[in-house]
Amino acid sequence: MTKTDMGVVRSGSDKSGGGNIKPPPGGAAKPGGPASSGGDAARPPRYFYDITADGTHQGKTTIATRLRAHCEDAGLPVTMIRIESAHVARGLREGDVLVPVEAIGQAGKVVGGIAGVMGPALAAVERMIEQGGVVVMDWGGGLGDYRLELLATTELGQSLAQEGIPAWSIVVATGIETSMGQALRVLEMTAQIAPELQRAVVLNRLHGDFGAASSTPQGRKEAALLSHRGLGATLNLPLASGQSMAALAPLGLDHRAMLELTPEEVAKRLGMSSFLARALLAHFAAWYAKSAEEIAKVAPFRG
């Protein structure tokens, strides 16, 4: 499906209504608060997050994993949908959904195209609509056109809007000029195809800082990105200091589990001194706390 085709699909579906979803009032909501639409007081609140970037190695999965932990800290059940190669996918649990990139490439041969390939993922979204909870959809790099086709053909944004479910499309960018340009394109195309989704950008300092002089190409690109019309939130993700994220990664644990580790456990499993392990855990805990403030811009609830 071409971008023109997607625009036609979107234009033809506008008559069904569905306006922009706004975050719960008051800046913070406990589970069971304003996002619990549909009159079912026993059902957990419902939220949807779509995390994407055109390029690879942008830090999308770190954002998705941190967002999951933030929701779980507030007591919300989370289903992770990961669209990634089956050979490298990690961190999934029972009930999560893996859509292999290898299957995405065969969408043209499947009934319903990309919607057919994404059947298990869409089923998870339907369960969230009916039962409550959070869905985090983590798209692999280079799948932008497939993502836009899914939004256009399924009217996913409209469906969530009609249910009163806060839904965010979160685009990740690094300080590299090309990354910021790609992020701006994703925001613009998302606004065209699925305007009901609130749009946010994550400034990830994975490959260097932001804030270049406005006279430089990087500075001009950053200014254009941050002035995108309709941008609902800008998340300034800090770097985990002390190389703690990379050093602790071999443990294969999610973020919340890492916070429960003792220095002695880390030292034994990674073959290092307990002093170094203690320092790594301190650096990681500091990052976790700082990132919570940024994640709360799109996930305004507390534990």
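The structure this text deals with has already been given above.
Residues numbered from 1 in each chain as written. Predicted model: local features only at pLDDT ≥ 70, side-chain atom pairs only at ≥ 80, totals over all residues. Heavy atoms only, no water.

1. Let's talk about helix 12 (residues 263-270)
Every buried residue belonging to helix 12 is among Pro263, Val266 and Ala267, and all of these are buried. The buried side chains of helix 12 occupy one side of the element, clustering within an arc of 100 degrees when seen end-on. Exposed residues pointing more than 90 degrees away from the buried face of helix 12 are listed as Lys268 and Arg269. Its buried side turned inward, helix 12 meets helix 10 (244-248) and helix 13 (274-295). Once helix 12 ends, the next one or two residues include Gly271, with phi positive near 65 degrees. (Buried < 20%, exposed > 50% of the residue type's maximum accessible area, 1.4 Å probe, protein only. Helix = DSSP H or I, 4+ residues; strand = E, 2+ residues; numbered from the N terminus. Arc of directions from axis to C-beta. Contact = heavy atoms within 4.5 Å.)

2. What about unusual backbone geometry?
With a phi close to 55 degrees, Glu155 is a non-glycine residue in the positive phi region. Summarising the element assignment, Glu155 is placed in the loop between helix 6 (144-154) and helix 7 (156-162). Positive phi is not limited to glycine here, since Gln243 has a value of about 55 degrees. If you trace the backbone, Gln243 turns up in the loop between strand 7 (231-237) and helix 10.

3. Comments concerning helix 9 (residues 217-226)
Note on helix geometry: an α-helix contains 3.6 residues per turn, so any two residues three or four positions apart are oriented the same way. Inspection of helix 9 places Gly219, Glu222 and Leu225 among the buried residues, and these make up the whole buried set. Around the axis of helix 9, the buried residues are gathered within 125 degrees of arc, so they sit on the same side. Against the buried residues of helix 9 lie strand 5 (167-173), helix 8 (177-193), strand 6 (198-204) and strand 7.

4. Here we look at the side chain of Arg199
Within the secondary structure, Arg199 is located in strand 6. Lacking a salt bridge, the buried Arg199 has Glu196 as its closest oppositely charged neighbour, with an N-O distance of 8.3 Å. A polar atom in the side chain of Arg199 sits 3.2 Å from the backbone oxygen of Arg229. Leaving out residues up to four positions away in the same chain, Arg199 has contacts with Trp168, Ser169, Leu187, Thr190, Ala191, His228, Arg229, Gly230, Leu231, Gly232 and Ala233. (Lys, Arg positive; Asp, Glu negative; His and termini not counted. Salt bridge = Lys/Arg side-chain N within 4 Å of Asp/Glu carboxyl O. Polar contact = N/O pair within 3.5 Å; in protein donor to acceptor, adjacent residues only side chain to side chain.)

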